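Here is how the chains run, residue by residue.
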Amino acid sequence: MPRAVVMPLLAGWLLMAGLCFPLHAAGTGADTEPAPGSADRIALWPAGQVPGERGTPSVPRVVERSTDPALPDRYIDDVDAPYLVVYRPARPNGTGLLVIPGGGYQRIVLDKEGTALVPAFVEQGGITLFVLRYRLPAGRSDRQAALADAQRAMRVIRAGAARWQLDPARIGVMGFSAGGHVAARLSNGFDTPVYPHADAVDALSARPDVALLIYPVIDMGPHAHTGSRERLLGPHPDAALATRFSMQEQVRADTPPTFLVHAQDDTVVSVHNSLVYYQALLRAGVSTEMHLFPSGGHGFGVRIPAGSTVAQWPDLALRWISSRPPEPMRHD
């Protein structure tokens, strides 16, 4: 099994980025994550009560792929008991974002689309981030496990809004790549029954107030990212199943206002994914802003050369979020 290699400088880099929680000493595997029960690791369900899961949950595997200690690039898989890791600004502005990183429904990247967001969104933007470790399709017959995790995460964040100094009507979702597909599924299926409601948290709305989709997987048809489609739907999904999970086909009038970012030269997830979603949002009358850049490829996150035009996207996103009026509270 590959082992994570996290250099001591990671702790210094994260502290300079302004994180407000204590870090573990550099180690391997799950040791690089906040400890279960700590203030910055929020379990989505009580122990042993994750819908559809049986037996003792496995310890998630965390793997470091980077050899540069200043640019960590971890991923996690084998998540049976999903949880959030919280990044809090010194001066919260009342806005929270559920962050759903990508990884092709095979893994979940933790730094490029997680910790690397902290300087721009947390320290400069004042936004509280909740980065989701969600269940992946492998070994599960329930294709809706990731959506269940996203719904529950939104409800858990709203339930703790006062604790995190958040306005419960200013909680959105930001998804990257396959995580963008999960975020779009949440945007269009926030009230879809995908797990049995068991407590007061589940009475809260799971609808995001805004959605930010960064180079998202959207289509499960001709423009699909084949790896994501096969892992989620199997090697030969029929037309009805592909349509059900093609998010441009599921947009509704109450899909939240959406911000889209994509690069034209993305050879992994075609820019047509954002284009067809944008058109569907327009048809449904959903307020939408889209930024397409000529270059940037796929998976750029916020680690972009300063001279590239795609480097503007975090500032554009923050401006868009701050320009949105609060959404009315809902009870779906």
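Only a predicted model underlies this, so the values are computations on that prediction, with no experimental measurement involved.

What counts and what doesn't
Residues numbered from 1 in each chain as written. Predicted model: local features only at pLDDT ≥ 70, side-chain atom pairs only at ≥ 80, totals over all residues. Heavy atoms only, no water. Helix = DSSP H or I, 4+ residues; strand = E, 2+ residues; numbered from the N terminus. Buried < 20%, exposed > 50% of the residue type's maximum accessible area, 1.4 Å probe, protein only. Contact = heavy atoms within 4.5 Å. Areas by Shrake-Rupley, 256 points an atom, 1.4 Å probe, with all protein chains shown as cover. 1 Å grid on protein atoms, 1.4 Å probe; cavity = no way out; pocket = protein on both sides within 12 Å on 5 of 7 lines; lining within 4 Å. Points joined across faces, edges and corners; volume = space filled by probe spheres on them. Nonpolar A, V, L, I, M, F, W, Y, C, P; charged D, E, K, R; others polar. Salt bridge = Lys/Arg side-chain N within 4 Å of Asp/Glu carboxyl O. Axes fitted to C-alpha atoms, helices over the stretch in contact; angles between N-to-C directions. Parallel < 35°, antiparallel > 145°, perpendicular 65-115°, else oblique. Left-handed = near helix turned anticlockwise from the far one by under 90°. Expected span 1.5 Å × (residues − 1).

(A) Quick look at the overall build of the protein. Helix and strand counts for the protein stand at 8 helices and 11 strands. Taking all 332 residues of the protein together, the buried fraction comes to 57%. Within the protein, contacts between residues separated by at least 24 positions form 78% of all contacts whose residues are at least 6 apart in sequence. Total accessible area on the protein is roughly 13,500 Å²; 54% of this is exposed by carbon and sulfur atoms.

(B) Here's a closer look at the layout of surface pockets. As a volume, the largest pocket reaches approximately 510 Å³. Lining the largest pocket are 28 residues, and of these Arg 41, Pro 57, Asp 80, Ala 81 and Pro 82 lie nearest its centre. The residue inventory of the lining of the largest pocket, partitioned by class, reads 17 nonpolar, 6 polar and 5 charged.

(C) Local environment of the pattern of salt bridges. Overall, the coordinates contain 16 salt bridges when judged by the stated rule. Between Glu 53 and Arg 135 there is a salt bridge, and its shortest N-O distance comes to 3.1 Å. Here Glu 53, found in the loop between strand 1 (41–43) and strand 2 (61–64), pairs with Arg 135, found in the loop between strand 7 (128–133) and helix 3 (145–159); they are 82 residues apart in sequence, far enough to count as distant. Note that Arg 135 and Asp 149 form a salt bridge whose closest N and O atoms lie 2.8 Å from each other. Placement of the pair is Arg 135 in the loop between strand 7 and helix 3 and Asp 149 in helix 3, with a sequence separation of 14 residues.

(D) Inspection of the packing of helix 3 against helix 4 (residues 178–189) at higher detail. At a minimum axis distance of 9 Å, the contact between helix 3 and helix 4 shows a crossing angle of 65°. Considering the angle they form, helix 3 stands roughly perpendicular to helix 4. Note that helix 3 runs across helix 4; the crossing there is right-handed. Contacts between helix 3 and helix 4 involve Ala 146, Leu 147, Ala 150, Gln 151 and Met 154 from the former and Val 182, Arg 185, Leu 186 and Gly 189 from the latter. Looking at the contact of helix 3 with helix 4 residue by residue, the classes come out as 6 nonpolar, 2 polar and 1 charged.

(E) Spatial organisation of helix 7 (residues 272–284). With 13 residues, helix 7 extends 18 Å between its outermost C-alpha atoms, agreeing within 8% with the 18 Å of an ideal straight helix rising 1.5 Å per residue. Tucked into the core, helix 7 has its buried residues touching helix 4, strand 9 (211–214), strand 10 (258–263) and strand 11 (288–293). Just downstream of helix 7 lies Gly 285, where phi reads positive at about 75°.

Interpretation in functional terms is not warranted from these geometric data alone.
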